[in-house]
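So you can see what is in the structure, the chains are spelled out below.
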Amino acid sequence: MKDLLIARWRGFSTKEQSITTILFFVILCLLIYAFVWLPVQQGRERLNRMIPDKKNKLTLMRSQAADIERLRGQINSIRTNKGGFKSLIDVSAKVNGLTLNYLPDIENSHANLLKITLSKVNFDAWFKWIETLQSQYHVRVQSCQIKPSELRGLVNIEVTFNAAE
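Residues numbered from 1 in each chain as written. Predicted model: local features only at pLDDT ≥ 70, side-chain atom pairs only at ≥ 80, totals over all residues. Heavy atoms only, no water.

A word on the side chain of S92. Assignment of secondary structure puts S92 in helix α3 (residues 82–95). Since its relative accessible area comes to 5%, S92 is described here as buried. With sequence-adjacent residues up to four places away left out, S92 is seen in contact with W129, L133 and Y137. (Helix = DSSP H or I, 4+ residues; strand = E, 2+ residues; numbered from the N terminus. Buried < 20%, exposed > 50% of the residue type's maximum accessible area, 1.4 Å probe, protein only. Contact = heavy atoms within 4.5 Å.)

Right, let's talk about the confidence of the model for the protein chain for a bit. Per-residue confidence for the protein chain averages 86 on the pLDDT scale, and 89% of its residues sit at or above 70. The lowest-confidence element of the protein chain is α3, averaging 80 in pLDDT; the highest-confidence one is strand β3 (residues 139–148), averaging 91. (pLDDT = per-residue confidence, 0-100.)

Before going further, it helps to examine a nonpolar patch on the surface. A contiguous nonpolar surface patch, about 1100 Å² in accessible area, is contributed by I19, L23, F24, F25, I27, L28, L31, I32, F35, V36 and V40. Among the secondary structure elements, F35 is positioned in helix α2 (residues 14–80). For F35, a relative accessible area of 64% translates into the label exposed. (Patch = residues over 30% accessible without salt bridge, like charges linked within 9 Å, V, L, I, M, F, W, Y side chains within 5 Å. Areas by Shrake-Rupley, 256 points an atom, 1.4 Å probe, with all protein chains shown as cover. Salt bridge = Lys/Arg side-chain N within 4 Å of Asp/Glu carboxyl O.)

Moving on, we get to the packing of aromatic side chains. Two descriptors summarise a pair of aromatic rings, namely the distance from one centre to the other and the angle between the planes of the rings. Tallied over the entire structure, the rule returns five aromatic pairs. Ring centres 6.1 Å apart and planes at 70° place the aromatic pair W9 and F12 in the edge-to-face group. Residue class for W9 comes out partly exposed when judged on its relative accessible area of 35%. For the ring pair F123 and W126, a centre distance of 5.7 Å and an interplane angle of 40° mean the geometry is tilted. In this pair, F123 and W126 both sit in helix α4 (residues 123–137), three residues apart, roughly one turn of the helix. We note K86 situated over the ring of Y102; from NZ or CZ to the ring centre the distance is 4.4 Å. (Phe/Tyr/Trp six-rings, centres within 6.5 Å; stacked < 30°, edge-to-face > 60°. Lys NZ or Arg CZ within 6 Å of the ring centre and 35° of its normal.)

Counting residues in hydrophobic clusters, the biggest one holds 20 residues, and the most contacted among them are F85, I89, I116, L118, W129 and F161. Mapped by element, the contributors of at least two residues to this core are α3, β2 (113–122), α4 and β4 (154–163). It is β4 that provides the largest number of residues to this core, a total of five residues. (Core = buried A, V, L, I, M, F, W, Y, C linked by side-chain atoms within 4.5 Å.)

Written as structure tokens, this is what we have:
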């Protein structure tokens, strides 16, 4: 095969050889342009369009991270004293339309424990409230007793909250 190509090449005139060589280099340049240069250039332009957007998102994320740390510090300071933890539970319950009854202080009056009862409350509303306390304020349920109420669909609940770290 190689010998056949060499023999054919030598069979061309000098003019044909130069035209073929020029065509070969033109086609080679077009292939390099189409399969190497053009994709690299398009990728570069796409990245140049994306970079400002990504920088804006990074700036936003950094500011949100600072806000999260500030809020986390506020929540931790509220949860560490009994009055702050109680007010956190109170405000959250009122926002969710729940009425709380506080039981006497738990043994040794731990600042991070709070025992309450809820009477005749919708279970779904209570569950949504607990989910909010856990996800937003890192308040955990240490113990819980749920008893059916005399009214259909409502329950009586006795729960002990722990201001988890």
